Amino acid sequence: MTNIFSLEGKNAWITGASHGIGFSIAEAYAKAGASNIIFNSSSEASLQRGLEAYAKAGIKNVHGYVCDVTDEKAVKALVEKIHEEVGPIHILVNNAGIIKRIPMHEMSRGDFQQVIDTDLVAPYICSAAVLPEMMERREGKIINICSMMSELGRETVSAYAAAKGGLKMLTRNICSEYGEYNIQCNGLGPGYIATSQTAPLRERQPDGSRHPFDAFIVSKTPAGRWLNPDELAGPAVFLASKASDAVNGHILYVDGGILAYIGKQPK
Ligand code: NAP
Ligand code: GCO
């Protein structure tokens, strides 16, 4: 039986994958046999750190570029460069993202817009840039990194929740509009993952106690712990492989059960 989870012969572009969740997904794709790993960073410094991290992890055939995913002209130029230097893009993971934790009534329009541009408009820009080749090839995988905030709200994350909620529906619409070209577009919805993005929520307090949010999330996760980026590997490979060719428009939550759980009763 052929390995339906293999990514052999596939080139995967993971946006914003110099570290964090994107790096873990890229590492998983390399281990699943991807021919080329392509990633972009927002700065030369981050790109270099990313290339060093891939080299240290023993991942070869890595191609890194500096590109602001919110810059449509730059993204289109990058896709052309990838075609010239690497080849076709079989898999796109829209991973790049930011969050600004500010009470909505205090949030500037500029801050709100920056989150929307990065977390919602950029996945549209990057997907639109790769869809033509996927349509011509009649094959492609687009995976959007959604969030618990694709389903739930909380204080101070209005822009992020609006963006990730929109990303859920963008995922479903790409599925609807391009499924006939054998293109599958699905979402991956991580729960609370220990990365630099959530580091502020896990910082020790001045008195050495745990951050209140840290204890809160542990109480809301059945496993009673934060998840690790490498726990996204299997679901991410599944959504990028032939194993998921009949899965489309689905948001696969990798949250340890948060969305199913009312939370542990305080002692
Ligand atoms: P992270 O460590 O902050 O990484 C975010 C990545 O996005 C960085 O590599 C950054 O690139 C890149 N990026 C941001 N703006 C960019 C831009 N304009 N152009 C190009 N790259 C840009 O965060 P993470 O936790 O790995 O999050 C990755 C994705 O998962 C995000 O979409 C996030 O919303 C989502 N997510 C995270 C969690 C969690 O608990 N951590 C849970 C659910 C969903 P540079 O390093 O080059 O700046
Ligand atoms: C927050 C966190 C979350 C996570 C993730 C949850 O402030 O609540 O940053 O938004 O990043 O999106 O799935």
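Residues numbered from 1 in each chain as written. Chains lettered and ligands numbered in written order. Predicted model: local features only at pLDDT ≥ 70, side-chain atom pairs only at ≥ 80, totals over all residues. Heavy atoms only, no water.

Asker: Please explain the domain arrangement of the chain as it appears in this structure.
Answerer: By a widely used convention, the size of an interface equals the accessible area lost when the partners come together. When the domains of the chain are assigned, the result is domain 1 (2-191 + 228-260) and domain 2 (194-226). When each unit is reduced to the centre of its C-alpha atoms, the spacing between domain 1 and domain 2 is 25 Å. In this assembly, 14 residues from domain 1 lie in contact with 14 residues from domain 2. Overall, the association of domain 1 and domain 2 removes approximately 950 Å² of surface from exposure, summing both partners, and the carbon and sulfur fraction of that is 51%. Considering only the side of domain 1, the residues that lose the most area to domain 2 are Arg101, Arg154 and Ile258, jointly responsible for 44% of the buried surface there. Our enumeration of links across domain 1 and domain 2 arrives at 1 salt bridge. Glu231 serves as the salt-bridge partner of Arg225, at 2.6 Å between the closest nitrogen and oxygen. At the boundary of domain 1 and domain 2, one finds 3 residue pairs in polar contact (both at pLDDT 80 or more). (Domains from an automatic or database assignment. Contact = heavy atoms within 4.5 Å. Buried area = accessible area lost by both parts, 1.4 Å probe. Salt bridge = Lys/Arg side-chain N within 4 Å of Asp/Glu carboxyl O. Polar contact = N/O pair within 3.5 Å; in protein donor to acceptor, adjacent residues only side chain to side chain.)

Asker: Please clarify how the packing of helix α3 (residues 72-85) against helix α4 (residues 109-137) should be interpreted in this entry.
Answerer: When two helices pack together, their arrangement is given by the angle between the helix axes and the distance between those axes. The interhelical angle for the contact between α3 and α4, taken along N-to-C directions, is 35°, at an axis separation of 9 Å. Our pair here, α3 against α4, has a crossing hand that is right-handed. On α4, the residues that touch Glu72, Val75, Val79 and His83 of α3 are Tyr124, Ile125, Cys126, Ala129, Val130 and Glu133. Each residue belonging to the contact of α3 with α4 can be placed in one class, and the counts come to 7 nonpolar, 1 polar and 2 charged. (Axes fitted to C-alpha atoms, helices over the stretch in contact; angles between N-to-C directions. Helix = DSSP H or I, 4+ residues; strand = E, 2+ residues; numbered from the N terminus. Left-handed = near helix turned anticlockwise from the far one by under 90°. Nonpolar A, V, L, I, M, F, W, Y, C, P; charged D, E, K, R; others polar.)

Asker: Which parts of the structure should I look at to understand the layout of surface pockets?
Answerer: A probe matching the size of a water molecule, rolled over the atoms, marks out where space remains unfilled. Of the volumes computed, that of the largest pocket is approximately 900 Å³. For the lining of the largest pocket, the secondary structure elements donating two or more residues are α1 (20-31), β2 (36-41), α4 and α5 (158-178). Ranked by residues supplied to the lining of the largest pocket, first place goes to α1 with 3 residues. Both domains that meet at the lining of the largest pocket, namely domain 1 (2-191 + 228-260) and domain 2 (194-226), each give it at least three residues. (1 Å grid on protein atoms, 1.4 Å probe; cavity = no way out; pocket = protein on both sides within 12 Å on 5 of 7 lines; lining within 4 Å. Points joined across faces, edges and corners; volume = space filled by probe spheres on them.)

Asker: Just to check I follow, could you spell out the site of ligand 1 for this structure?
Answerer: By nearness alone, 29 residues border ligand 1, and Ser42, Ser46, Asn95, Tyr160 and Thr195 come closest of all. Taking Ile193, its main chain carries an N or O atom lying 2.8 Å from an oxygen atom of ligand 1. For ligand 1, whose unbound accessible area comes to 890 Å², protein coverage reaches 90%. The site holding ligand 1 turns out to be the largest pocket. Residue assignment for the shell around ligand 1 shows that the elements contributing at least two residues are α1, β2 and α5. A per-class count over the shell around ligand 1 returns 11 nonpolar, 16 polar and 2 charged. Each of domain 1 (2-191 + 228-260) and domain 2 (194-226) gives at least three residues to the shell around ligand 1. (Near = heavy atom within 4 Å. Areas by Shrake-Rupley, 256 points an atom, 1.4 Å probe, with all protein chains shown as cover. Sits in = over half its atoms within 2 Å of the grid points.)

Asker: Can you walk me through the site of ligand 2 in this structure?
Answerer: Around ligand 2 sit 14 residues, and of these Arg101, Ser147, Arg154, Tyr160 and Gln197 come closest. At a separation of 2.6 Å, an oxygen atom of ligand 2 approaches a polar side-chain atom of Ser147. Relative to its unbound accessible area of 330 Å², ligand 2 is 96% covered by the protein chains. Under a 2 Å grid-point criterion requiring more than half of the atoms, the pocket assigned to ligand 2 is the largest pocket. Of the residues in the shell around ligand 2, the class split is 8 nonpolar, 4 polar and 2 charged. Here the shell around ligand 2 spans two domains, and each of domain 1 (2-191 + 228-260) and domain 2 (194-226) adds at least three residues to it.

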